[in-house]
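# Close look at the chain arrangement
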Amino acid sequence: MVHINLLKKMMYVLLLLLVVLTVCLWKETRKLYDVPFKTESKSFQIPRAHTLLSRVLSSKTVSKNNQIPAALLGELSKLKGSLSPTAPGNNAEAKPKKKVGNVNVWNEDNSSKNLIPRLQKVRMNYLSMNKYNVTYNGQRNTAKLSPEKLLCQLRDRVNVTMIHGSDGPFSTSEWQDYLPRKNLSEEVGHLGRCAVVSSAGSLKSSHLGPEIDTHDAVLRFNGAPTTEFQQDVGEKTTVRLVNSQLVTVEEQKFLTETLYNTGILIVWDPSPYHAEIHEWYKKPDYRFFENYKKYRTRHPNQPFFILNPKMQWELWDILQENSLEDIQPNPPSSGMLGIVIMMTLCDEVNVYEFLPSKRQTDVCHYYQRFHDRACTMGAYHPLLFEKNLVKHINQGTDEYIYTHGKVTLPGFRNIHC
């Protein structure tokens, strides 16, 4: 009996131990599954985007045509990237994402040091030559002006005017039948969105034609054609700015080529630095006056203006004032002149391939096969410094420059100084 009682007691003790061990094991297991969620924990967060996703996926927030409400889309876009929380126990912070699609666009601080040796030599030759007797005594802005102040300079100091019948040598009876009766702004009226289309080789295969043609007015340069290139450059031409050399040289066929019969024509000719009209009239850079009269006789109903030569040097002064080094003492390019002309006429100006896009090439014109780095960086014209200025006042994005070669500028009437 004694042995039996002792055996029963041992069994009870073992059973008790087994129960105690079972309870302890159950408690430890419960602890593992009973960790409370702390939404403010640094190691594990439930982002608000998860809640938004639940709302988006619910039948109440998705419309009948399976569109997500704009309000939710806006909230989700703000929380982009928050859907990958840090794993539990990992205290390392998530690395910021690298900027996708970094783009190389025109650097507004370009200097002559960025020119290839040949173009550096050409620039120095023009500086020493000083064909137009430039004697600039204005200030130099060592500190870069804000885009707003620079725009105000352009608006207030560059007078975009055409030659009128009251301008000195043009007031004679000889000229009265040739000069347009209306001024340029009366001829074009109030313009909203305008396009300035360069002739750059990078326009080829751009497929920008349809976009360019959506503008109220389009300005083109010299002999740049649209026929056979509509897909890339469009077909609308409202204004064509031509230089006096093109009007004068027979090979250009200015008097007979039908390309020039569309839209409004403006011709410009380099003059001595800030020369009076009388002085320039006696000795123009190219003697285009006779061909101008011949064209007007053949096409009396087509508006054809002569740009007042004072404008080019008023613009040049601003380029020099805002450049730390000496720029070429030659007039600005047709491209820069055309940009400023359209800024006086339009509410907004989109300029295509004046600043090169990802399609940048040494091909000068989209309609020719002539290669020359000078067409992008400048040689005769202070093109490099013009592009620095345009990049600085651009109101668009670098992405648009990279993809479209597109710069967006405000019209002068919308600038508040």
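Here we summarise the structure given alongside this text. Residue indices begin from 1 for each chain and proceed along its sequence in written order. Only residues with pLDDT of at least 70 get local features here, since the model is predicted, and only at 80 or more are side-chain atom pairs given and counted; chain-wide, interface and lining totals rely on the full set of residues. Excluded from the side-chain calculations are hydrogens and water; all other atoms, namely the structure's heavy atoms, are used.

Moving on: the overall build of the chain. A run of H or I in DSSP becomes a helix once it reaches four residues, and a run of E becomes a strand once it reaches two; helices and strands are each numbered from the N terminus. When its secondary structure is counted, the chain shows 17 helices and 7 strands. The cut-offs for exposure are 20% and 50% of the maximum accessible area for each residue type, with area from a 1.4 Å probe on protein chains only; residues under the lower value are buried, those over the upper are exposed, and the others partly exposed. The buried share of the chain, taken over its 417 residues, is 43%. Two residues form a contact once any of their heavy atoms are found within 4.5 Å. When contacts within the chain are restricted to residue pairs at least 6 apart in sequence, long-range pairs at least 24 apart make up 72% of them.

Moving on to the packing of helix H5 (residues 147-157) against helix H13 (residues 310-321). Orientation of H5 relative to H13, taken along the N-to-C sense of each, is 155 degrees, at an axis distance of 10 Å. In terms of orientation, H5 and H13 fall into the roughly antiparallel class. In this structure, the crossing between H5 and H13 has a hand that is right-handed. In this structure, H5 contributes Leu150, Gln153, Leu154 and Arg157 to the contact, and H13 contributes Glu314, Leu315, Asp317, Ile318 and Glu321. Here the contact of H5 with H13 is composed, by residue class, of 4 nonpolar, 1 polar and 4 charged. Note on definitions: angles span 0 to 180 degrees between N-to-C directions of axes, and those axes are lines fitted to C-alpha atoms, for helices only across the stretch in contact. Orientation is classified from the angle alone, with under 35 degrees giving roughly parallel, over 145 giving roughly antiparallel, 65 to 115 giving roughly perpendicular, and any other angle giving oblique. It is the rotation of the near helix from the far one that decides the hand of a crossing: anticlockwise by less than a right angle makes it left-handed, clockwise makes it right-handed. Three classes are used: nonpolar for Ala, Val, Leu, Ile, Met, Phe, Trp, Tyr, Cys and Pro, charged for Asp, Glu, Lys and Arg, and polar for all others, with Gly counted as polar.

What follows concerns the nonpolar core. Think of a nonpolar core as a cluster: buried Ala, Val, Leu, Ile, Met, Phe, Trp, Tyr and Cys residues, connected wherever their side-chain atoms sit within 4.5 Å. Counting 62 residues, the largest nonpolar core has Leu184, Ile266 and Met342 as its most contacted members. Per-element tally for this core: the top contributor is helix H14 (residues 334-345), with 8 residues. Not counting chain neighbours up to four residues away, the residues in contact with Leu184 comprise Met162, Ile264, Ile266, Phe305, Ile341 and Leu345. Residues Ile163, Val242, Leu255 and Leu259 belong to the second largest nonpolar core, which totals 21 residues.

When the sulfur atoms of two cysteines come within 2.5 Å, that pair is taken as a disulfide. As enumerated under the stated definition, the model contains 3 disulfides in all. Here Cys152 engages in a disulfide with Cys417; their sulfurs sit 2.0 Å apart. Measuring handedness by torsion sign, the sulfur bridge of Cys152 and Cys417 sits at about -105 degrees and is left-handed. With Cys152 in helix H5 and Cys417 in the segment after strand S7 (406-410), this residue pair connects regions lying 265 residues apart in the sequence. Its relative accessible area of 13% is what places Cys152 among the buried residues. In this model Cys194 forms its disulfide with Cys346; the gap between the sulfur atoms is 2.0 Å. Taking the torsion about the S-S bond as the criterion, the Cys194 to Cys346 disulfide, at about -90 degrees, is left-handed. Highlighted residues: Cys194 in strand S1 (residues 191-197) and Cys346 in strand S6 (residues 346-352), separated in sequence by 152 residues. Residue Cys194 is classed as buried on the basis of its relative accessible area of 0%. Taken in sequence order, the bonded cysteines of the chain link in the pattern 1-6, 2-3, 4-5.

To continue, consider the packing of aromatic side chains. Aromatic rings from Phe, Tyr and Trp, taking only the six-membered ring of Trp, are treated as a pair when their centres fall within 6.5 Å; an angle between ring planes under 30 degrees marks them as stacked, one over 60 as edge-to-face, and anything in between as tilted. Enumeration according to the criterion identifies 25 aromatic pairs in this entry. Their ring planes at 35 degrees and their centres at 5.9 Å tell us that Trp175 and Tyr292 sit as a pair that is tilted. Of this pair, Trp175 sits in helix H6 (residues 173-176) while Tyr292 is found in helix H12 (residues 289-298), placing the two residues 117 residues apart along the sequence. Comparing Trp175 with Tyr292, the two get one shared label, buried. Within the aromatic cluster, the residues linked to one another by ring pairs are Phe170, Trp175, Tyr178, Phe254, Tyr260, Trp280, Tyr281, Phe288, Phe289, Tyr292, Tyr295 and Phe304. As a reminder, the over-ring test applies to NZ of lysine and CZ of arginine, requiring each to be within 6 Å of the ring centre and within 35 degrees of the ring normal. Sitting over the face of the ring of Trp175, Lys293 holds its NZ or CZ atom 4.6 Å from the ring centroid.

This part takes up unusual backbone geometry. Although it is not a glycine, Asn222 adopts a positive phi angle of roughly 45 degrees. As for its placement among the helices and strands, Asn222 is situated in the loop between strand S2 (217-221) and helix H9 (230-233). You will see that Lys253, though not glycine, has its phi angle at about 55 degrees, which is positive. With respect to the helices, strands and loops of the structure, Lys253 is situated in the loop between helix H10 (244-248) and strand S4 (264-268). What makes Lys253 exposed here is its relative accessible area of 51%.

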